[in-house]
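This is what each chain is made of:
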Amino acid sequence: MTPFDCVTARSLDHALALLETHGAGAQVMAGGTDLLVERKTGSEAPGLLIDISRLSELRGIHLTDAGLEIGAATTHTDIMRSTLVDALCPVLAEAAREIGAVQTRNLGTIGGNLVTCVPSMDSGPALLALDALLSIASRRARRHIGLDALFVGPRKTSLGREELLTSIVVPRENLRMAMCFLKFGLRKGQALALVNVAAGFRLHNGALRDVRIALGAVAPTVIRAAEAQGYLEGRPFSAEAVAEAGRIAAHEARPISDFRASAAYRKDLIAVLTRRALDTAHTRAATARLEEAA
Amino acid sequence: MSSLIVTVNGAKRSASVPSETTLLELLREHFGLTGAKRGCDVGDCGACTVIVDGIAVNACLMLASQVNGRSVLTIEGLATKDALHPLQQAFEQHAALQCGFCGPGVILSAKALLDEKENPDRHEIREALAGHLCRCTGYVKIIEAVEEAARLLRERRAEVSSMPEIEAPLTPALERLAPDEGTCNRPEERQS
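Everything numeric here is computed off the predicted structure, so don't read it as measured data.

A. Layout of the overall build of chain B. When helices and strands are tallied, chain B shows 7 helices and 5 strands. Counting the 192 residues in chain B, one finds 50% classified as buried. If you take every contact in chain B between residues at least 6 apart in sequence, the share linking residues at least 24 apart comes to 59%. Taken as a whole, chain B presents about 9,100 Å² of accessible surface, with 49% of it coming from carbon and sulfur.

Dropping the structure here:
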């Protein structure tokens, strides 16, 4: 690796002070599972690394008035094992389980996964479908944005030079929603998604409400399939309706052809995975209702 | 530069290394522990897997500074002077290693799994080992060996629990193993 300096942040304030001082000359490292690979493969990088991986104030999962708050430096393994996540938005654990392998999930963090802004990230679709909010801090200010406002392009976020993502909040009204995350990769372990999908909705008297479909690896950033969502909104659930939603989602996505798959193949995958995710979410919604009734 | 103190296989060691030094480089080049292998060096192959504070990590994806104050277990710390660890015994019995390059990493991932689950099923074993590439064995014998090791460890636990007066640690390696030869200062040991 090209030589660099590394400072282990002692606190969030310390990290923010360093960012304010060094700005573009500094880069934040959480889990390092992506950042160190990037550094080893030789791309240009700032000369100072700020290691936030051991800041306990950025790690942990709590239920607050706003919703389920996940510290940005919470690892994927923490999310998979969280009883709160399991009870309130298990789709996040379903997505976390698909990331890398045990070793990468033990180090890699949810905040790090988001700020890489890689289109094929697995945390993105689930959180985008849950309308997650982000807390962003700098030395001078705190602000909150929707996750969709973070994503600008491949490896490009809207974070300022002095800013740090501190936590992710799944709003209270989106907890306990029937959802499903599906990923298709070329292998079962350690593979990047060719396409990944998170989908869900609420059932009101048999009709689909509040439909969410988020797609990864099919556009410059993770996206919501707005037309497919609009098509399903208010419709009764049926096999035909979700199949049509899958076709619409495939139509509105803009996948590329690369060495992993052609754009046409990815479009086919979008249609199939969207349909399956909606089907599974429906089964889960029905099961949850039966459990509530019992 | 990063100055650090780390417990490696039960022994305190210190080092002062350039900030960009990875944990893998620290172990191999500064501490002379070459059990963890450099395969891909980007987190794909698992050959560098070690256990840090109880969890399996890719040593190539951590900086040395990140283990400051923590405890690292490498393959060198697994056996005692008297006996191989049950995982190592099982790998030998099942011929689960051929060239052996992936072995230290695979065995440490398996140890992290068995420390947590004493009776994992095949699916759980495959999940735990998904981050390892082995180009020789086809994985079948590796999985059988991990199942066998889980059996051996359960038997050992049963034996220990049937001996109420004796406190026998399940993983005595850290306590019993003599610190290996090295040039690094180990301040804590000198005090004791």
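B. Highlighting the sheet that holds strand β6 (residues 133–137) of chain A. Residues and elements named next belong to chain A. One open sheet holds the 5 strands; their spatial order is β4-β5-β10-β6-β7, and the pairing between them is antiparallel. In this open sheet, the two edge strands, each paired with only one partner strand, are β4 (61–63) and β7 (142–146). Averaged over all adjacent pairs, the angle separating strand axes in this sheet is 25°, with direction ignored. As paired elements, β6 and strand β10 (residues 164–171) share 5 bridges and run antiparallel to each other.

C. Spatial organisation of the side chain of Gln229 of chain A. Of note, Gln229 of chain A is situated in helix α9 (residues 226–232). Aside from chain neighbours lying at most four places away, what touches Gln229 of chain A is Val211, Arg212, Ile213 and Arg224 of chain A.

D. Main features of the packing of aromatic side chains. One pass over the structure, following the stated rule, counts 1 aromatic pair over all chains. When the ring of Phe184 of chain A is compared with that of Tyr265 of chain A, the centres are 6.5 Å apart and the planes differ by 80°; the resulting orientation is edge-to-face. In this pair, Phe184 of chain A is assigned in strand β11 (residues 178–185) and Tyr265 of chain A in helix α11 (residues 263–293), connecting sequence segments 81 residues apart. You can call Tyr265 of chain A partly exposed: its relative accessible area is 37%. Its guanidinium or amino end placed over the ring of Tyr231 of chain A, Arg235 of chain A lies 3.8 Å from that ring's centre, counting from NZ or CZ. Seen from the ring of Phe31 of chain B, Arg13 of chain B lies directly overhead, with NZ or CZ sitting 4.8 Å from the centre.

E. View of the interface of chain B and chain A. Every contact between the two is made by 29 residues of chain B and, on the other side, 28 residues of chain A. Between chain B and chain A, roughly 2,200 Å² of surface is buried when both sides are summed, and carbon and sulfur atoms account for 52% of that area. For the chain B face of the interface with chain A, the top three residues by lost area are Glu20, Leu61 and Gln66 of chain B, together amounting to 28%. Put simply, chain B and chain A have 3 salt bridges between them. Residues Arg81 of chain A and Glu116 of chain B are paired through a salt bridge, measuring 2.9 Å at the closest nitrogen-oxygen approach. On the surface where chain B and chain A come into contact, there are 13 residue pairs in polar contact (both at pLDDT 80 or more). At the level of secondary structure, the elements contributing two or more residues to the side of chain B that touches chain A comprise β4 (55–58), α3 (103–116) and α4 (122–128) of chain B. Per element, the largest residue contribution to the side of chain B that touches chain A is 4 residues, and it comes from β4 of chain B.

F. Spotlight on the nonpolar core. Core analysis: the biggest nonpolar cluster contains 60 residues, and Leu23, Leu26, Val50 and Phe91 of chain B have the highest contact counts within it. Residue contacts for Val50 of chain B: discarding those within four places in its chain leaves Leu23, Leu27, Ala36, Ile55, Ala56, Val57, Ala59, Val72, Leu73, Thr74 and Leu108 of chain B. Grouped together as the second largest cluster of nonpolar side chains are 39 residues, Ala95, Ala96, Leu147 and Ala198 of chain A included.

G. How the structure looks around the sheet that holds strand β14 (residues 223–224) of chain A. Residue and element names in this part refer to chain A. As summarised here, the arrangement of the 4 strands in space is β11-β12-β13-β14, forming an open sheet in which the pairing is antiparallel. Unpaired on one side and paired on the other, β11 and β14 mark the two borders of the sheet. Lying on the sheet, α11 is in contact with β11, β12 (193–204) and β13 (207–216); it crosses β12 at an angle near 35°.

Definitions and cut-offs
Residues numbered from 1 in each chain as written. Chains lettered and ligands numbered in written order. Predicted model: local features only at pLDDT ≥ 70, side-chain atom pairs only at ≥ 80, totals over all residues. Heavy atoms only, no water. Helix = DSSP H or I, 4+ residues; strand = E, 2+ residues; numbered from the N terminus. Buried < 20%, exposed > 50% of the residue type's maximum accessible area, 1.4 Å probe, protein only. Contact = heavy atoms within 4.5 Å. Areas by Shrake-Rupley, 256 points an atom, 1.4 Å probe, with all protein chains shown as cover. Pairing = 2+ DSSP bridges. Axes fitted to C-alpha atoms, helices over the stretch in contact; angles between N-to-C directions. Phe/Tyr/Trp six-rings, centres within 6.5 Å; stacked < 30°, edge-to-face > 60°. Lys NZ or Arg CZ within 6 Å of the ring centre and 35° of its normal. Buried area = accessible area lost by both parts, 1.4 Å probe. Salt bridge = Lys/Arg side-chain N within 4 Å of Asp/Glu carboxyl O. Polar contact = N/O pair within 3.5 Å; in protein donor to acceptor, adjacent residues only side chain to side chain. Core = buried A, V, L, I, M, F, W, Y, C linked by side-chain atoms within 4.5 Å.

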